[in-house]
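Observations on chain architecture
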Amino acid sequence: MNSHFSFGFLSLATPAALVLLYLAAYLLRRLIAWMHRSEPPRERVIPFIVFFAILGAVGGSALQSLYEQGSECRAQGQAPVSCILLGGAAQS
């Protein structure tokens, strides 16, 4: 597998994880502001969600090829980390 960019599971899971992480951090900052009786964070949430979704989709698609290469290495009975780093799946 020579592709460094592909679409798969990580292309969907990474954006979801980044958006959920951002929303959790945002809600935590709102809770802390409420506990301190101060102003809550004033930011536009939707643009941040779109940004993190796009960033996650690009990053997840870039990581997908490594994930697939690791799966090929495991199928051949090789250690995935050394196989990916040394290019063992491409040689077989």
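Here the structure is a predicted model, which is why all the values come from computation and not from measurement.

1. Some details on the pattern of salt bridges
Should their charged atoms come close, side chains of opposite charge can pair. A complete count under the given rule lists 1 salt bridge for this structure. The shortest N-O distance in the salt bridge between Arg-29 and Glu-43 comes to 3.1 Å. Taken together, the positions of Arg-29 in helix α1 (residues 9–35) and Glu-43 in the loop between α1 and α2 (45–75) put the pair 14 residues apart, joining distant regions of the chain. Judged by relative accessible area, which is 25%, Glu-43 ranks as partly exposed.

2. Focus on a nonpolar patch on the surface
On the surface, a cluster of nonpolar side chains totalling about 500 Å² of accessible area is made up of Phe-5, Ile-46, Val-50, Ile-54 and Val-58. Note that Ile-46 resides in helix α2. By relative accessible area, Ile-46 is classed as exposed at 60%.

3. Here's the deal with the packing of α1 against α2
Two elements in contact, α1 and α2, have axes whose closest approach is 6 Å; the angle formed by their N-to-C orientations is 145°. Like other packed secondary-structure pairs, α1 and α2 cross with a definite hand, here right-handed.

4. Thoughts on the packing of aromatic side chains
Under the criterion given, the structure shown has 4 aromatic pairs. Pairing Tyr-22 with Tyr-26 gives two aromatic rings, centres 6.2 Å apart and planes at 25°, and the pair type is stacked. Of this pair, Tyr-22 and Tyr-26 both sit in helix α1, 4 residues apart, which is roughly one turn of the helix. Taking relative accessible area as the criterion, Tyr-26 reaches 11% and is therefore assigned buried. Ring centres 5.3 Å apart and planes at 65° place the aromatic pair Phe-51 and Phe-52 in the edge-to-face group.

5. Points about α1
In this model, α1 (27 residues) spans 39 Å end to end at C-alpha, consistent with the 39 Å of a helix rising 1.5 Å per residue. For α1, every residue scored as buried is listed here: Leu-10, Ser-11, Thr-14, Pro-15, Val-19, Tyr-22, Tyr-26 and Ala-33. Those residues of α1 hidden inside the fold are in contact with α2. Residue Arg-37 follows α1 closely and has a positive phi angle near 55°.

What counts and how
Residues numbered from 1 in each chain as written. Predicted model: local features only at pLDDT ≥ 70, side-chain atom pairs only at ≥ 80, totals over all residues. Heavy atoms only, no water. Salt bridge = Lys/Arg side-chain N within 4 Å of Asp/Glu carboxyl O. Helix = DSSP H or I, 4+ residues; strand = E, 2+ residues; numbered from the N terminus. Buried < 20%, exposed > 50% of the residue type's maximum accessible area, 1.4 Å probe, protein only. Patch = residues over 30% accessible without salt bridge, like charges linked within 9 Å, V, L, I, M, F, W, Y side chains within 5 Å. Areas by Shrake-Rupley, 256 points an atom, 1.4 Å probe, with all protein chains shown as cover. Axes fitted to C-alpha atoms, helices over the stretch in contact; angles between N-to-C directions. Left-handed = near helix turned anticlockwise from the far one by under 90°. Phe/Tyr/Trp six-rings, centres within 6.5 Å; stacked < 30°, edge-to-face > 60°. Expected span 1.5 Å × (residues − 1). Contact = heavy atoms within 4.5 Å.

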